[in-house]
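# Understanding the architecture of this molecule
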Amino acid sequence: MSNSNTTGTTRYDMKIDVNTNSIMKQIKVLVRNRINVTAFIHILAFTTISFSQVDLSYYLPEISYEEDMPTPESILDFQIGEWHISHDKLAYTMKELCENSDKCIYQEYGRTHENRPLINLIISSPKNLKNIDKLRKQHAQLTDPQLSNKIKTEDTPVIIYQGYSVHGNESSGANASPLVAYYLMAGQSDMLESLLDNAIIILDPCYNPDGLQRFSTWANSHKHKNLTTDASSREFNEVWPGGRTNHYWFDLNRDWLFTIHPSSQARIENFHKWKPDILTDHHEMGSNSTFFFQPGVPSRTNPNTPPVNQSLTEDIGNYHAASLDSIGSLYYTKESFDDYYYGKGSTYPDINGCIGILFEQASARGHLRETKNGLLSFPFTIRNQFVTALSTQKAGLKMKETLLNNKRDFYKKRYDNATDGYYIFEEEDYYKKNYFIEMLNRHEIEVYKNDKSRKIGQQKFDTKHTYIVPIKQRQTTLVKTIFEKVDQFKDSIFYDVSAWTLPLALNIKYAESQDKILIDKKNQILNTPTFKNNEIINEKAFALAIDWSSYLSPALLNDLQSKGLKVRVIQQNTNFKSNNKSIQLQSGDIIVPLSNQSMDKQEIIDYITQKSNELYVNIRSIDSGLTADGKSLGSPSQEVLPKPEVAIIVGEGINAYEAGDSWYQLDFRYKMQVTMIDKNDLPFTNLDRYTIIILPDGNYSTENRGHKKIKEWTEEGGTILCMRKAIKYLSQVGMINLTVKKNKNLSKADSTHTKFRNYRGSQVIGGAIMEAVVDLEHPLFFGYKDRTLPVFKKGTQFYEVDQASASPMQYSSSPMLSGYASKTNQSKAENAMGILCSRFGRGKIISMVDNPNFRGYWLGGSRLFANAIFFNSLINEDSLAE
Ligand SMILES: [Zn+2]
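Every value quoted in this text rests on a predicted model; they were computed, and no experiment measured them. (Residues numbered from 1 in each chain as written. Predicted model: local features only at pLDDT ≥ 70, side-chain atom pairs only at ≥ 80, totals over all residues. Heavy atoms only, no water.)

### A word on helix 5 (residues 87-99)
The criterion, for reference: Numbering of helices and strands starts at the N terminus; helices are DSSP runs of H or I of at least 4 residues and strands are runs of E of at least 2. How far a helix is expected to stretch is found by multiplying one less than its residue total by 1.5 Å. Whether a residue is buried, partly exposed or exposed follows from its accessible area with a 1.4 Å probe, protein chains only, as a fraction of its type maximum: under 20%, in between, or over 50%, in that order. This arc is taken over the directions from the axis of the helix to the C-beta atoms. Note on definitions: a residue-residue contact is assigned when non-hydrogen atoms from the two residues lie within 4.5 Å.
With 13 residues, helix 5 should reach 18 Å at 1.5 Å per residue; the first-to-last C-alpha distance of 18 Å fits that figure. His 87, Leu 90, Ala 91, Thr 93, Met 94, Leu 97 and Cys 98 are the residues of helix 5 that are buried. Looking straight down helix 5, one finds that the buried residues subtend no more than 165° of arc, so they occupy a single side. Buried residues in helix 5 make contact with helix 4 (72-76), strand 2 (104-111), strand 3 (117-123), helix 8 (172-186), strand 6 (199-204) and helix 10 (209-221).

Put into C-alpha cells, the structure is as follows:
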C-alpha cells in the first residue's frame, strides 16, 4: 500500500467471527476460485493441511505449455504461494527460467545498498531479441520531436515495463513475477505469439530486494504447519521497521524523482533506456480491501499530466476489469489513491509519455488470514496480481498504435507548446551542484553552463558556478515540475506531499526568466567534472582551514576527529593570512593546527589534501596563528572541539522514515559511527558514552522507564536533538516549555458529516514548503549565507516564540513558498517557532519542529542537522530557554 503511515509499522488487525454463514460464503468464494473445498473444510475441522497448497493450474490460463521449460516449482522446490519467496531465490529462479528460453534476456541493471541485484527479464520473440538494440533505439525516437514523425508505429514494438513489490512487505507482486515469466516463455497460443512479436516486455521482479528479503524471512519463519488465520497472530504483524522500506528505511516509492538511493538511480537510468509505453507498479493495501487499479481519484491528478493519460489508463482498466471478472475477484477503481506526486512509480511515467498504473491488492501479509471478506489466502493475492499482469500485456497489444502515438504526441505537443524561457541557478558547493546536475541529467534534462552575466528581477547571476536549464526542451514537463512553485489546487486532500520545488529543497539561488534564450550546444554539461583543491600548502603553513559550507565537511571533520586530531572552530568571521594574502574565514570553518598533533605535519597535510578531494571540501592554508582582528588561534575562547558520540532512538512507535533520514545522513553521507538504540532497551543501556541523542519523530510513551533514563542523562549534561512529535513528548514529561499556537475550530453550524470530514482532510499539511528566518550568528546556522531558509513542513505543530534568543529559526511573516496549507494553518505558521534551544539541568535540548533531512533530498537542512551534532557545545548558555 502506498500510504504514508508515520509510525513505520502497518497493522491491519481485524478479527472476524467465523460463523456458519460466513463459512458458507467463503466456501462459495473458494469454489469460484477453484480452491479445493474439501481441504478448506479440513482446515476448519483439523487445521492440519496447508491452505496455500495450489497447483500451477490455479494460476495459469488453460493453454499448452512447452514441456522443456522448467516450472517455477521445479526450480524452487515449492509451489508459488506455498512459501514467501526470498529475493535470493527470486533472482535465481528468474535467471534459471530465462536461461532456458530463447525468448528472454537476463540483465542486471543495478545493486541495492545490501548488494542485491536489480534485475530485468527482457522478453520478446527470438527475432525481436536478435535486434533488440535496434528496436529499442527506433522506439526511443518517438520521444524526439525532431525525429518522431518518421517512425512507423506499425513496425515498432510497444514496450511494457512490469515492476513488483517496491514495498517489500507487499509481496504478492514479486511472488507472481516468476509465473508471469513462465507464462510468457512457456505458453503457446496465438495471442502470446502475437504479443511477443509486437511487444517487448520487461519484467522487474522486485523494485525493493532488501525489503522483500526482510519480509519473506519474517513471514516464512512465522508460518504454522497448521495455518493460523487469526490476524492477531505474529505472522501477520512484522516487528519494527518491517519490510516496506529499503535498507535505510526510506520509502522507495517516493524516490523516483530525486533518486537519492542507488536503486532509484539505476531504475531511472533504466527507465530512460527503455522508455516504456506502459509501466506497472504492483502493490498491496489493507487486508480488508479487495483489489484496486488506476485511474485514481480524478481531481487528485497532477495538472502537469495530460488528460489523455487518465483516459488511456481507464481504457487499459477495462482489460483488468474483464480479467478479474473472469476469475470472480472483486475490485474497484477511481475512488482512492492519486496521481499527484511524480516521485511515485505509477506517477513518474505519466510525464514521460508513458502510462503508469498502480495496482493494490488486499494483503494476506502471511499465508492465510481472516478478513472482512472471508479468508484471504496468499495464492489468491498472487493470482490477482498475475491476471492483471496479463491484462496489462493484452491491453498493450490491443492498444499498441494508440500507446505509441500517445508517446509521440506527448513529446511533440509538449515541446511545441513550451515557452522559450529558462531557469538559472547558481551554486558554488560541488556536492550540491553535482547532485542537482546529475539528477537532472538522469531524467534526460539538458543543463548548460551559463555563458554571460544576467539580471533577472533583482537577482544577478554571473558566469561562475551558474547553470541554465532551458524550458523548451524534450523533457520540458519534468523541468517544470522540478522547478515550479505551486499554489493552485483542484483538491485540498493530498495522499502525499503537495510540493517539491527542488531549488528550494537544496537552498540554492535560482530564478525563472521568460526571455528567449539562445543555447550554444557546446556548453551542455554531460559529465561531472572532477573536484580538486588548488590550494598551495607548503611546509611553512601553520594550520589548515576547512570550509564549513562545503556539503560534506562534516564527514571530513568526523574523519579527522576519529583520527584523534585536535581541531578548533571559527566562531565569528575572522581575517587570516593565507599564502601572504588576507582572507576571511567564516563562522563554522574548522581549523586544524599542524603542530602538537598525533600525526606529523606533512602527514596531516597529505591526509587532509587527499580526504578533502574525496569529499569535495575546500581547504585553505593558514600562515600564522595571529589574526588581524585580535582573536588569535590560541585564544581562550577557541577550545578544542569535542568529538560527538551519537545515538539515535529507534524501535516500535518511532517514525522509521525519519529515523532512517538521520541514520542515512550520518552513516552514508557523513561516514560516521552512529549507535541505534531500541527505545525498549533504554532502561538497560548505559548512556554515559554518548554526547548527543537523537529523538526522531514518533510516539513515545511517557510510561516507559526509558524516559527517566533520558531525563537523568540530560540533567547530567547530555544534549538531546528532538524532532517533530518528539518535542510534544518532551514537553509532556516536563523537559521543555512550549506555548502551542491556538487552533481555530470549524464553526458548529458548518460541521455536517461530509463537511467535517473534508474539513479535517483539508487541515492536514501532507508536505509544503515554508520560509524561515534564521540567526546567522547562532552556531546552528554556521555555514549558511542567507538569512532565509526554505523548510519542509509536514504536520500542524505550531508554537509561539517565547524567547527570541532561544529560537534561532522562526517562520517568516509570510511563510508559504510552495504547496498546500489551509488559510488557518498559514496564519498559524506566521512567525511561529522553528527551533528552540533550551536548558535542562546541566544539559541542552535542541527542538526542531521540522525534519531537516526530509527524504534525503532536503539538502538545505543538512547543515543545520550537522551543526546540532558537532557544534551544540558552542551554543551560549545564556541564550537558552529555561
Ligand atoms: Zn505499496
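### Details of a negative patch on the surface
For the record, the criterion: Within this analysis, patches are made of residues with over 30% relative accessible area and no salt bridge. Like charges are joined at 9 Å or less; nonpolar side chains (Val, Leu, Ile, Met, Phe, Trp, Tyr) at 5 Å or less. Using the Shrake-Rupley algorithm and a 1.4 Å probe, accessible areas are obtained, with residue cover drawn only from the displayed protein chains. One side-chain nitrogen of Lys or Arg within 4 Å of one carboxyl oxygen of Asp or Glu is enough to make a salt bridge. In this tally Asp and Glu are treated as negative and Lys and Arg as positive; neither His nor the chain ends contributes. The atoms used to mark charge sites are NZ of Lys, CZ of Arg, CG of Asp and CD of Glu.
Residues Asp 688, Glu 712, Glu 715 and Glu 716 make up a contiguous surface patch of negative charge. Of note, Glu 716 is situated in the loop between helix 21 (706-715) and strand 27 (719-723). Using a relative accessible area of 54% as the deciding quantity, one classes Glu 716 as exposed.

### Side note on the pattern of salt bridges
Close approach of charged atoms lets side chains of opposite charge pair. Per the counting criterion, the structure on display carries 36 salt bridges. Put simply, Arg 244 and Glu 170 hold a salt bridge, and the shortest N to O gap is 3.5 Å. One end of the pair, Arg 244, is in the loop between helix 10 and helix 11 (262-274); the other, Glu 170, is in the loop between strand 4 (158-164) and helix 8, with 74 residues separating them in the sequence. For Arg 254, the salt bridge is made with Asp 251, and the minimal N-O distance between the two is 3.7 Å. An identical accessibility class is assigned to Arg 254 and Asp 251; each is buried.

### A closer look at the state of the cysteines
A covalent bond bridging the sulfur atoms of two cysteines is what the word disulfide describes. Basically, it comes down to this: When two cysteine sulfur atoms are found within 2.5 Å, that pair is recorded as a disulfide.
Under the defined criterion, the tally for this structure stands at 1 disulfide. Cys 98 shares a disulfide with Cys 104; S-S distance 1.9 Å. Classification of the bridge connecting Cys 98 and Cys 104 rests on its S-S torsion, roughly -100°, and on that basis the disulfide is left-handed. Counting only cysteine sulfurs, Cys 104 is the nearest neighbor of Cys 206, a cysteine outside any disulfide, at a range of 17 Å. Here Cys 837 stays unpaired: no disulfide links it, and the sulfur of Cys 722, its closest cysteine neighbor, is 10 Å away. For Cys 837, a relative accessible area of 1% corresponds to the buried category.

### Here we look at the sheet that holds strand 28 (residues 768-774)
Cut-off, in case you're wondering: Note on pairing: DSSP must find at least two bridges between two strands before they are called paired. Note on method: axes are straight lines fitted to C-alpha atoms, helices fitted across the in-contact stretch only, with angles between N-to-C directions ranging 0 to 180 degrees.
In spatial order, the strands read 29-28-30; together these 3 strands make up an open sheet with antiparallel pairing. Looking at strand neighbours, the two that pair on one side only are strand 29 (788-793) and strand 30 (809-818), the edges of this open sheet. Recorded for the sheet is a direction-independent mean angle of 35° between the axes of neighbouring strands. Pairing analysis gives 5 bridges linking strand 28 to strand 30, with the strands arranged antiparallel.

### What about the confidence of the model for the protein chain?
Our working definition: The score called pLDDT rates the predictor's confidence residue by residue, from a low of 0 to a high of 100.
On average, the protein chain scores 92 in pLDDT, and the residues at 70 or more come to 92%. Between residues 1-50, whose pLDDT stays under 50, and residues either more than four places distant or in other chains, the model counts 103 contacts.

### Section: the nonpolar core
The criterion, for reference: By convention a nonpolar core is built from buried Ala, Val, Leu, Ile, Met, Phe, Trp, Tyr and Cys residues, the set being connected through side-chain atoms within 4.5 Å.
One finds Phe 425, Leu 695 and Tyr 857 to be the most contacted residues of the largest nonpolar core, which totals 172 residues. Counting residues per element, this core draws most heavily on helix 25 (residues 859-870), at 7 residues. Residues within four places of Tyr 857 in sequence aside, it is in contact with Phe 258, Ile 260, Tyr 341, Tyr 435, Trp 500, Leu 502, Ala 505 and Leu 506. Ile 85, Ala 176, Leu 195 and Phe 386 belong to the second largest nonpolar core, which has 67 residues in total.

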